[in-house]
Protein chains: 2
Amino acid sequence: MIHKTDALFSVDHSGIERLLEVDHRIADLRAVSGLLEWDQETYMPAGAVEARGEQLATLAGLSHHILTSKKTGNLLDALHKETKRGEFTIHDQALIRESSRAYDRSVKVPRKLVEELAKAASTGVECWRQARKKSKFSLFKNALAKIFELKLKEAECIGYNNPYDLFLDDHEPGLTTAKLNPIFAELKETTLQILERIRGSDRQIDQEILQREAHTEGLKEFSAKVLQAMGFDFNCGRLDSSTHPFSTGIHPTDTRITTHFNQQFFTSPVFSAIHEAGHALNEQGIDTRLQRTLLCRGASHGIHESQSRFWENYIGRSAPFWQNNFYRTLLDIFPGLLEYWEEQNFMLAINAVEPNLIRVNSDEITYNLHIILRFEIERDLFAGRLKIADLPEAWNAKIKEYLGLTVPDDARGVLQDIHWSSGGFGYFPTYSLGNLYAAQIYAAAKHDLDNFEERIKLGDMNFLREWLRESIHKHGKTYQADELIEMATGEGLNPAHFKNYIFEKFGQIYGF
Amino acid sequence: MIHKTDALFSVDHSGIERLLEVDHRIADLRAVSGLLEWDQETYMPAGAVEARGEQLATLAGLSHHILTSKKTGNLLDALHKETKRGEFTIHDQALIRESSRAYDRSVKVPRKLVEELAKAASTGVECWRQARKKSKFSLFKNALAKIFELKLKEAECIGYNNPYDLFLDDHEPGLTTAKLNPIFAELKETTLQILERIRGSDRQIDQEILQREAHTEGLKEFSAKVLQAMGFDFNCGRLDSSTHPFSTGIHPTDTRITTHFNQQFFTSPVFSAIHEAGHALNEQGIDTRLQRTLLCRGASHGIHESQSRFWENYIGRSAPFWQNNFYRTLLDIFPGLLEYWEEQNFMLAINAVEPNLIRVNSDEITYNLHIILRFEIERDLFAGRLKIADLPEAWNAKIKEYLGLTVPDDARGVLQDIHWSSGGFGYFPTYSLGNLYAAQIYAAAKHDLDNFEERIKLGDMNFLREWLRESIHKHGKTYQADELIEMATGEGLNPAHFKNYIFEKFGQIYGF
């Protein structure tokens, strides 16, 4: 129970009280939808796909109905007028801001379309799954066209000039194509620069270790140990297995992640678990007094992704993480597997740069090229310059151009990602934003925290989790991404940190 | 997709169409609540208890809100008037009947109370769990008093003379204390009669085998084989482990059961799995065209329970089930465990009659005494003749009187059942009704199906599942329990079948 005196909101204010009631209902429905989606990926019987789609559609429709009621609209209007008198707490203001944002976003979209979208998303995912299994884009084409058409309809209802900007904004408030173009142009240049240096290096890195199979039980044990050291709270979360790793923040006390233990290649399940645990720490770290409101989530997808990238790449692929510590644990759990390998070579293998057809298997450098090509494809789709039917061709051409690779089949090409199947356009760019934010946060953490590397070597990373909680997690969505990054690091988004980081790190690895 | 021409309902009738829309939403919300409850018992992190309570309360409140809207009331009124013209299908009529029943039941209860009840139920279960662990009724007393008070309030809102009748009716439409009194009086007499004969028998049955521990993997394998043979569809269902076995019918394509694999006593997890699978077959067997309506569930709790009892006791504890078949499978899976045991002795052990402090561990005879004592206690509580604080004393006295046993602690006494903790008063009597219905259905099945026992001996019981599906399952809640039992067996509830069955079966076992 939260006592009134501890509350972050003005719970004695009748308007705020009523807004919280609305928020509680909507947040509960979102939490429940989150659980349904988690269940669909983990334990749901295969035969229940259609029923699950109906349930998700009903929840989406109800949530929309509650949010867009005239009562809510009038309440928000009245509260807005009052904000000018300046008597609200920072959290009241954020609550009004986010609730209004959700209201404005929804009120123009009819409930029927919301339900259709939810249904199409749920069945779209299943259709994609089947098409991917058979590696045939043609099996997915119609479902994708359907969901694309519904998203266009949604954009029409809302009335944007550039529909893609609307969906960028859904994931990263305030983000537009115009803002992204120069950021991604610079990122592309940086990436191509460093790739050239790496190609010029004569250092050969043996990556064979990454392909070895490891027994599931060992992977589970090792992942659990790493999560424990990161401060993941197993009393308020779970780690399960699913085909595609993901994280679901149902509530700060119920945050679930998965990794692909069934895919027994050695390091991938572990790094995925660390990645998803980074997301989970963000959710578990939100001030519980924000629970059941629209503020009880990450500030933006970019910020959320920065947390997963931070742990996966900046900590999980760093020397202090493995030295004298988790490498030894690995040796204990997989004694035969690591025979003849040395820590130093292992470190090189997990950081090797090599273009890969698959985004999620890509290194820290080429990963961003995967994102940039997806951004360009999405942008062109919504601008009408590209047709759904021509996606495979466009995809394969860009993979050739940016990565120098030939796509052998759709499964390893245009069908590799789940996002579009549920209408998640505009999501991909936040992955690269996450990389940029993460580098900046990493620099700030190293600056703020004494003996940073020595403490990580000790194997207990709770000190770091606490710093992140105080700087980022606890605020939830109280601040917008740009405010938050400035509060946490002293400046707005600055891609130079990422550039410095990769040049330093990979300069050492490849000797340039 | 269901095509209009196949529909059971008059989907071209605008009133029916609108009623179906309401029903779909309510059924989806119930399905989702079912999943949340299943999750709470299986995979939910412990820390999420409070959040889960809030979510369930929100869903209950929304469901109530939709059901009791003026629009729904007017729609039902109009449809009622039209039923007199007699143009509706049997399913339309049932839909109107069940929707009206739900409407009438809910409209007098304020949403706030509904939400309070849902919240109190969810936290009540957790409180009971803690109290049971520590075996202290005093730790549960206040939570139980709270939920009892809320249930009384609910009854007051609805305005029943005898509040207990209201809750009986919730589980078994039309059931009253007055109807139950003579049925249970006769059942008590029959039970005491047969117990006296058993006590007079000089046959000693060795039950040691039931207490042996068996490895979880073997229990899982064996249970899965039995479920397969029963016709349980694993593509539309799951079998998991939980402390207390239960079944959740989320949808005909998503029916989940659990058993207590962690409690490694040999036969108990297996019989619990068969019992819950009996429930699951009922859910999986409902005509899919009834999906997402209030007709998509068992006709009553008594009928539902008859299906679990049928499979657990009438099939699972019968000689044909084990002979030449599942006993051999047992020997294969647990070779050491069954050493020196013979099939005949095993059959006697699993059917031995011996008063047990725990209801769920009780035999087919004394089980009903457990139910009768719970019925008497509930009846007296609601009549004001018994107080919550005096429950342990009343419980222990009745256990002494009916079973001749001394209750050593609350965990093995008044705290053993989960039902009251979530406000499930009036539920217990349906267990014994299930026993009576099951005997009657068993007699009808044996009459209808040629070579009944020979076919069961073959180990594939799909023929039986098909008969049950045609006679009972597929109808869902289209017919009331008394109509359905007459359709399936040719007569209304007739307890003589149970009496005949137990005298014949246990006469053979105990030689009287």
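Residues numbered from 1 in each chain as written. Chains lettered and ligands numbered in written order. Predicted model: local features only at pLDDT ≥ 70, side-chain atom pairs only at ≥ 80, totals over all residues.

1. Observations concerning the overall build of chain A
- Counting its secondary structure elements, chain A contains 20 helices and 3 strands.
- Rg of the C-alpha trace for chain A: 23 Å, near the compact-globule value of 24 Å for 512 residues, within the 12% margin.
- Overall, chain A is about 70 × 55 × 45 Å in size when its C-alpha atoms are taken along their principal axes.
- Across the 512 residues that make up chain A, the buried fraction comes to 46%.
- Put simply, of all contacts in chain A between residues at least 6 apart along the chain, 76% involve residues at least 24 apart. (Helix = DSSP H or I, 4+ residues; strand = E, 2+ residues; numbered from the N terminus. Rg over C-alpha atoms; globule rule 2.2 N^0.38 Å. Buried ≥ 20, exposed ≤ 12 C-beta atoms within 10 Å, placed from the backbone. Contact = placed C-beta atoms within 7 Å.)

2. Some words on helix α20 (residues 496-510) of chain B
Residue and element names in this part refer to chain B.
- A rise of 1.5 Å per residue sets the reference length of α20, with its 15 residues, at 21 Å; its end C-alpha atoms lie 21 Å apart and thus fit the reference within 8%.
- Residues of α20 that are buried: H497, F498, Y501, I502, F506 and Y510. Buried residues along α20 cover an arc of 155° about the axis, so they all sit on one side. The outward face of α20, more than 90 degrees from its buried face, is lined by the exposed residues E504 and Q508.
- Residues of α20 that are buried sit in contact with α8 (177-200) and α16 (429-448).
- Of the residues one or two after α20, G511 is the one with positive phi, at around 65°. (Expected span 1.5 Å × (residues − 1). Arc of directions from axis to C-beta.)

3. Things to note about the sheet that holds strand β3 (residues 254-259) of chain A
Residue and element names in this part refer to chain A.
- With mixed pairing, 3 strands are arranged side by side in an open sheet as β1-β3-β2. Bordering the open sheet on either side are β1 (237-241) and β2 (247-251), each of which pairs with just one other strand. Strand-to-strand, the axes of this sheet are offset by a mean angle of 15°, without reference to chain direction.
- In terms of strand pairing, β2 meets β3 through 4 bridges, oriented antiparallel. Paired with H251 across the strands is D254, a residue of β3.
- Against the sheet, helix α1 (residues 14-42) engages β1, β2 and β3, with an angle of about 145° to β2.
- With respect to the sheet, helix α10 (residues 267-284) is in contact with β1, β2 and β3, its orientation differing from that of β3 by roughly 165°. (Pairing = 2+ DSSP bridges. Axes fitted to C-alpha atoms, helices over the stretch in contact; angles between N-to-C directions.)

4. Comments concerning the nonpolar core
- V32(A), A277(A), V32(B) and A277(B) are the most contacted members of the largest nonpolar core, which totals 251 residues.
- Setting aside chain neighbours within four positions, we find A277(B) in contact with L227(B), M230(B), F232(B), I257(B) and W311(B). (Core = buried A, V, L, I, M, F, W, Y, C linked by C-beta atoms within 7 Å.)

5. Concerning the domain arrangement of chain A
All names here are of chain A.
- Its domain assignment divides chain A into domain 1 (4-135) and domain 2 (177-510).
- Contacts between the two partners involve 32 residues from domain 1, matched on the other side by 27 residues from domain 2.
- Mapped onto the side of domain 1 that touches domain 2, the elements with two or more residues apiece are α1, α4 (90-107) and α5 (111-134).
- For the side of domain 1 that touches domain 2, the residue count by class is 18 nonpolar, 7 polar and 7 charged. (Domains from an automatic or database assignment. Nonpolar A, V, L, I, M, F, W, Y, C, P; charged D, E, K, R; others polar.)

6. Describing the packing of α8(B) against α20(B)
Residue and element names in this part refer to chain B.
- The geometry of α8 relative to α20 is characterised by a closest axis approach of 11 Å and an angle of 10° between their N-to-C directions. Classified by the angle their axes make, α8 and α20 are roughly parallel. Note on element contacts: α20 touches α8 through K499, I502, F503, F506 and Y510, opposite T190, I194, R197 and I198.
- Of the residues contributing to the contact of α8 with α20, the split by class is 6 nonpolar, 1 polar and 2 charged. (Parallel < 35°, antiparallel > 145°, perpendicular 65-115°, else oblique.)

7. Concerning the sheet that holds strand β2 (residues 247-251) of chain B
Residues and elements named next belong to chain B.
- Strand order across the open sheet formed by 3 strands is β1-β3-β2, with mixed pairing between neighbours. The open sheet has two free edges, formed respectively by β1 (237-241) and β2, since each of these has just one partner strand. This sheet shows a mean twist of 15° between the axes of neighbouring strands, independent of strand direction.
- Packed onto the sheet, helix α10 (residues 268-284) meets β1, β2 and β3 (254-259) and runs at close to 165° relative to β3.

8. Some points on the interface of chain A and chain B
- Listed as interface residues are 27 residues of chain A and, on the opposing side, 27 residues of chain B.
- Contributions of two or more residues to the side of chain A that touches chain B are made by α1, α2 (49-67) and β1 of chain A.
- The element contributing the most residues to the side of chain A that touches chain B is α1(A), with 7 residues.
- Of the residues belonging to the side of chain A that touches chain B, the class tally is 13 nonpolar, 7 polar and 7 charged.

9. A look at the relation of the copies chain A and chain B
- Overlay of chain A on chain B (RMSD 0.0 Å): rotation 180°, translation along the axis 0.0 Å. Taken together, the rotation angle and the small translation identify this as a two-fold axis. Scanning chain A for the C-alpha nearest the rotation axis identifies V32(A), at a separation of 3.9 Å.
- The fraction of interface residues of chain A whose copies in chain B are also interface residues reaches 100%, indicating that both copies meet through the same surface. (Least-squares fit on C-alpha atoms with pLDDT ≥ 70 in both.)

10. As for α8(B)
Residues and elements named next belong to chain B.
- The end-to-end C-alpha separation of α8 is 34 Å, in line with the 34 Å expected for 24 residues at 1.5 Å each.
- Every buried residue of α8 is listed here: L180, F184, L187, T191, I194 and I198.
- Residues of α8 that are buried make contact with α14 (367-382), α16 and α20.

11. Side note on the packing of helix α3 (residues 70-83) of chain B against helix α4 (residues 90-107) of chain B
Residues and elements named next belong to chain B.
- Relative to each other, α3 and α4 sit at 140°, their axes nearing to 10 Å. Looking at the two axes, α3 sits oblique to α4. In terms of crossing hand, the pair formed by α3 and α4 is left-handed. Of the residues in α4, those in contact with T72, G73, L76, L79, H80 and T83 of α3 are Q93, I96, S99, S100, Y103 and V107.
- The residue inventory of the contact of α3 with α4, partitioned by class, reads 5 nonpolar, 7 polar and no charged. (Left-handed = near helix turned anticlockwise from the far one by under 90°.)

12. What about the environment of V226(B)?
Residue and element names in this part refer to chain B.
- Note that V226 resides in helix α9 (residues 216-230).
- Using a count of 22 C-beta atoms within 10 Å as the deciding quantity, one classes V226 as buried.
- Sequence-wise, V226 and K387 are 161 residues apart; in three dimensions their C-alpha atoms are separated by 44 Å.

13. Points about the environment of D409(A)
All names here are of chain A.
- Structurally, the position occupied by D409 is in the loop between α15 (391-403) and α16 (429-448).
- Residue classification places D409 among the partly exposed positions, given that 14 C-beta atoms sit within 10 Å.
- Sequence separation of D409 and R132 is 277 residues, and the distance between their C-alpha atoms is 9.9 Å.

14. Examining unusual backbone geometry
All names here are of chain B.
- In this structure, S135 is a non-glycine residue whose phi angle is positive, near 55°.
- Tracing the chain through its elements places S135 in the loop between α5 (111-134) and α6 (138-158).
- A positive phi angle, near 65°, is found at R292, a position not held by glycine.

15. Let's talk about the environment of C157(A)
Residues and elements named next belong to chain A.
- Structurally, C157 can be placed in helix α6 (residues 138-158).
- In this structure C157 comes out as partly exposed when scored by C-beta crowding, with 14 C-beta atoms within 10 Å.
- Not counting residues within four places of it along the chain, the set of residues in contact with C157 comprises K108, V109 and L113.

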